[in-house]
Amino acid sequence: MAADREPVRSSQGRSAPISCHRRQRDKIQIPEEKKITYCDLPIKQQRRKLIQAVKDNPFLIVTGRTGSGKTTQLPKYLYEAGFSKHGTIGVTQPRKVAAISVAQRVAEEMNCSLGNLVGYQVRFDDCSSQDTAIKYMTDGCLLRHMMVDPDLTKFSVIILDEAHERTLTTDILFGLLKKLFQEKSPTRKEHLKVVVMSATMELVGLSAFFGNCPVVDIPGKIFPVKEIFCDLIGPKDKENSSYVNAVVKVTLEIHLNELAGDILVFLTEQQRRIFLPPPPGIRKCVVSTNISATSLTIDGIRYVVDGGFVKQLNHNPRLGLDMLEVVPISKSEAMQRTGRAGRTSSGTCFRIYNQDFWNQCMPDYMIPEIKRTSLTSVILTLKCLAIHDVIRFPYLERPDEKLILEALKHLYQCDAINRSGHVTKLGLSMAEFPLSPNLTRAILKAAFWGCEDLLLPIAAMLSVENVFIRPGEAEKQKEAELRHQELSSQAGGFNDFATLAVIFEQCKSSTSPPTWCQRYWIHWRCLQSAFRVEGQLREIIRKLKQQPDFPRENYDGPKHEILRRCLCTGYFTNVARRSVGRTFCTMDGHGTPIHIHPSSALYNQESKLEWIIFHDVLVTSKMYVKTVCPIRYEWVKDLLPKLYQFDAYELSSMARHEVTEEEIKRWENKEDLKQQKDKAMKESLKKMQRRNDDKSILDARARFLERKHQRSQGITGTLKETD
DNA sequence: GAGCACTGC
């Protein structure tokens with residue numbers, strides 16, 4: 001077996017120790033790595049091993065800390081070994097900047113101009129050509145590419161980099177690539193190879209997923225980092241967000257007591273300012289929310305202050321809502337933070353939490369995105385790739401079935417799939433758009449009515465970052481708010497969607513858009529990307545309209561209602577009706593009480609409203625809806641039944657049909673056992689509670705006998721059958 | 001009367 005080959009270490013039986021010299025992030029390393037000439041990189045000694053391992057195995061895992069050179073050198077080695085004769089060597093990155101800057105560096109090293117031998121492709125920027133042998137791209141780009149070329153016929157090697165980040169797209173690509181090899185598709189090239197590169201991960205599981213493929217480890221150097229638990233936060237403070245004070249305290253202490261060296265501080269939000277006393281010498285203190293957020297120069301960082309928390313966007317399938325939650329970071333993330341102190345010299349990492357917090361509250365690894373985000377778009381993509389059985393898709397880690405069923409339900413409600421879970425013609429069109437299904441559905445309705453010009457700017461504005469500037473200073477904030485109100489009243493004063501359109505159009509047609517933005521406290525950079533997104537969406541619609549069977553419908557209602565009618569087609573899943581006072585109730589079956597966010601033009605206007613639709617929900621201190629618009633009941637009346645008239649079983653029936661009888665039996669038994677386990681757990685919990693109650697002791701024996709009797713009649717019988 | 005991370009097509 002290839003896994004037993006000498007130079008290549010199998011991952012079998014290998015633990016994934018948490019130690020600081022193995023935790024890295026590549027993005028920051030990029031500028032720094034430049035200083036090392038590529039001849040000195042540790043990966044060079046493994047060159048032959050790596051090439052051989054790729055030749056011998058369909059899948060290979062390469063691990064190594066940042067700075068080992070795997071991102072830049074491995075594709076080059078494979079090119080030099082002749083792999084690109086059979087197709088492009090594709091390297092994916094989770095982020096655009098990384099894809100572009102790595103491509104630049106490799107092109108430099110190989111002495112060619114970017115876009116020829118070495119190129120990159122990201123959204124809005126394709127810098128590659130027919131001659132491109134090594135192509136860096138975002139993982140999203142590769143996923144898009146697979147919708148046109150599912151067998152990846154153009155590629156000889158696919159390298160998935162930064163696999164440890166476990167982005168939603170990387171996880172989907174894992175499954176798609178695995179499937180490609182399982183099915184032995186006739187069009188798949190014999191020589192397609194897959195390399196997964198990761199800094200830190202549960203490598204045993206990953207290797208097992210890819211058929212126990214070999215793992216090559218590239219060692220690297222790091223200076224020693226002292227780890228100090230400051231004991232300012234313990235397990236009890238898990239829900240408490242007052243850790244900011246602790247972070248400031250530790251930072252000040254470092255500044256006053258420690259030797260020269262810059263400080264890197266990790267917090268969950270941008271702080272307006274962390275005050276440091278006038279410096280005796282000058283010391284730089286960088287406050288960062290997340291490592292990937294900004295490319296920081298980390299030269300000279302000797303001290304890291306780890307606040308211990310991150311902000312995470314989680315999707316709650318029960319409520320159908322996204323929630324921004326502050327959660328403890330994982331041990332592996334903490335080690336990555338630690339590593340940041342030892343890049344250029346030895347350093348110290350101050351953790352504001354104690355050892356108990358580390359042991360009890362921090363998971364080993366972060367929960368991957370696929371298990372905590374809405375899967376609607378991803379499931380639609382899979383359906384378009386003819387993967388109907390989305391429940392049994394080979395996930396590295398299977399998301400909760402509830403999450404998948406919720407996505408199916410949503411897709412059905414948007415007409416993207418039919419009752420039996422098959423993708424519809426409309427669904428295929430929807431997958432063309434890089435937008436949420438709700439928004440896409442609204443755009444397509446507009447296109448059917450021939451009024452897409454109304455919707456495209458709104459869609460573009462909703463898919464870029466928040467355009468409204470909120471200055472920190474109180475007076476300026478007032479001014480900004482007034483300007484924003486001015487804009488919303490120009491849009492009629494009662495429709496946040498229309499406000500976005502007004503901003504888009506006014507800025508675009510102004511003589512100096514940047515000045516216009518300054519005046520109205522709007523982020524010019526966001527608008528620039530909105531302009532580009534609008535162009536891209538317009539192009540997609542143009543192509544769809546060229547199809548001969550593109551539906552064209554007549555709109556016969558009043559003109560001033562057409563925008564909101566289109567929005568209703570997409571957002572009827574997000575309808576709410578006013579209940580008591582300023583509270584609204586969603587109509588999606590959950591009946592969740594919601595409130596209009598103070599940033600909306602409809603805030604404080606609630607008494608005048610009856611029915612509304614909203615773009616998104618944010619749960620902070622209350623459940624808030626943002627980007628709201630009032631509607632009439634008649635517009636959604638016919639659509640609302642669709643919110644309830646579906647059968648989750650039927651929607652996922654594709655999965656069931658393909659499952660053998662035997663599998664169903666096994667699955668049912670598992671469920672039985674699980675239920676029994678749950679029941680037993682609940683009972684023992686109750687028991688523990690009762691034990692604390694003195695009065696109950698006398699009854700304990702009687703209950704015990706009663707339960708024993710029940711068990712001997714009921715549960716044991718079931719167990720015997722399943723055995 | 002809120003605020004409050006990041007990425008991607």
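Everything discussed here concerns the structure shown above.
Everything quoted here is computed from the prediction, not taken from an experiment.

Trainee: Looking at this model, I keep getting lost on the protein's contact with DNA strand B. Mind explaining?
Mentor: Taken together, 26 residues form the shell around DNA strand B, and within it Lys96, Arg123, Lys311, Leu313 and Tyr603 come nearest. Put simply, 66% of the atoms of DNA strand B that lie within 4 Å of the protein are in sugar or phosphate. A distance of 2.7 Å separates a base oxygen of DNA strand B from a polar atom in the side chain of Lys311. His597 places a polar side-chain atom, nitrogen or oxygen, 3.3 Å from a phosphate oxygen of DNA strand B. Elements with a contribution of two residues or more to the surface near DNA strand B: α5 (139-148), β14 (309-316) and α16 (474-490).

Trainee: Would you mind showing me how to read the sheet that holds strand β13 (residues 301-306) here?
Mentor: Each strand in a sheet pairs with its neighbour through backbone hydrogen bonds, running either in the same direction (parallel) or in the opposite one (antiparallel). Taken in spatial order, the 5 strands of this open sheet run β10-β16-β13-β11-β12, and their pairing is parallel. Either end of the sheet is taken by a strand with one partner, and the two such strands are β10 (225-233) and β12 (285-288). This sheet shows a mean twist of 15° between the axes of neighbouring strands, independent of strand direction. Across 6 bridges, β10 lies against strand β16 (residues 347-353) in parallel orientation. Residue pairing in the sheet places Phe229 in a bridge with Arg351 of β16. Running at roughly 150° to β16, helix α8 (residues 243-257) makes contact with β10, β11 (262-266), β12, β13 and β16 of the sheet.

Trainee: I tried to follow the environment of Val62 on my own but got confused; where do I start?
Mentor: Mapped onto the secondary structure, Val62 falls in strand β2 (residues 59-64). Note: C-alpha distance between Val62 and Asp161 (99 residues apart in sequence) is 9.2 Å. Beyond its immediate chain neighbours, meaning those up to four positions away, Val62 contacts Leu50, Lys70, Leu74, Val195, Val196, Met197, Ser198, Val216 and Ile218.

Trainee: Any chance you could explain the side chain of Glu406 here in plain terms?
Mentor: Residue position: Glu406 is located in helix α12 (residues 401-413). For the buried Glu406, which has no salt bridge, the nearest side chain bearing the opposite charge is Lys409, at an N-O separation of 5.5 Å. In this structure, Glu406 is in contact with His315, Pro317 and Gly320, ignoring residues within four places of it in sequence.

Trainee: For this particular structure, what's the right way to read the packing of aromatic side chains?
Mentor: Using the criterion set out here, one finds 17 aromatic pairs in the structure. Pairing Phe229 with Tyr353 gives two aromatic rings, centres 6.1 Å apart and planes at 65°, and the pair type is edge-to-face. On the criterion of sequence distance, the pair formed by Phe229 in strand β10 and Tyr353 in strand β16 is long-range, its members being 124 residues apart. The interplanar angle of 35° and the centroid separation of 5.4 Å between the aromatic rings of Tyr353 and Phe357 together place this pair among those described as tilted. Each member of the pair, Tyr353 together with Phe357, is buried. Here the aromatic cluster, defined as three or more aromatic residues joined through ring pairs, consists of Phe59, Phe174, Phe181, Phe209 and Phe210. If you follow Lys642 out to its NZ or CZ, it ends over the ring of Tyr412, 4.6 Å from the centre.

Trainee: Quick question: what am I supposed to make of helix α15 (residues 452-462) here?
Mentor: Each α-helix winds once per 3.6 residues, and so residues spaced three or four apart point in a common direction. Along α15, 9 of the 11 residues are buried, which leaves the element largely enclosed by surrounding structure. Of all the residues in α15, the buried ones are Glu452, Leu455, Leu456, Pro457, Ile458, Ala459, Ala460, Met461 and Leu462. The inward-facing, buried residues of α15 abut α14 (437-448), α17 (496-509), α19 (524-546), α20 (562-571), β20 (611-619) and β21 (623-631).

Trainee: Could you clarify how one ought to interpret the pattern of salt bridges in this entry?
Mentor: As a working rule, side chains carrying opposite charge can pair if their charged atoms are close by. For the coordinates displayed, the defined rule picks out 22 salt bridges. Across the pair Asp171 and Arg166 runs a salt bridge whose closest N-O atoms are separated by 2.7 Å. For Asp171, a relative accessible area of 2% puts it in the buried group. Counted as one network, the salt bridges with shared partners bring together Arg166, Asp171 and Glu397.

Trainee: Which parts of the structure should I look at to understand helix α18 (residues 513-520)?
Mentor: Among the residues making up α18, those that are buried are Pro513, Trp516, Cys517 and Tyr520. Taken end-on, α18 shows its buried residues confined to a sector of 100°, consistent with a single buried face. Residues of α18 that are buried sit in contact with α16, α17 and α19. Backbone geometry just downstream of α18 places Trp521 in the positive-phi region, at approximately 55°.

Each value, and the rule that gives it
- Residues numbered from 1 in each chain as written.
- Chains lettered and ligands numbered in written order.
- Predicted model: local features only at pLDDT ≥ 70, side-chain atom pairs only at ≥ 80, totals over all residues.
- Heavy atoms only, no water.
- Near = heavy atom within 4 Å.
- Polar contact = N/O pair within 3.5 Å; in protein donor to acceptor, adjacent residues only side chain to side chain.
- Helix = DSSP H or I, 4+ residues; strand = E, 2+ residues; numbered from the N terminus.
- Pairing = 2+ DSSP bridges.
- Axes fitted to C-alpha atoms, helices over the stretch in contact; angles between N-to-C directions.
- Contact = heavy atoms within 4.5 Å.
- Buried < 20%, exposed > 50% of the residue type's maximum accessible area, 1.4 Å probe, protein only.
- Lys, Arg positive; Asp, Glu negative; His and termini not counted.
- Salt bridge = Lys/Arg side-chain N within 4 Å of Asp/Glu carboxyl O.
- Phe/Tyr/Trp six-rings, centres within 6.5 Å; stacked < 30°, edge-to-face > 60°.
- Lys NZ or Arg CZ within 6 Å of the ring centre and 35° of its normal.
- Arc of directions from axis to C-beta.

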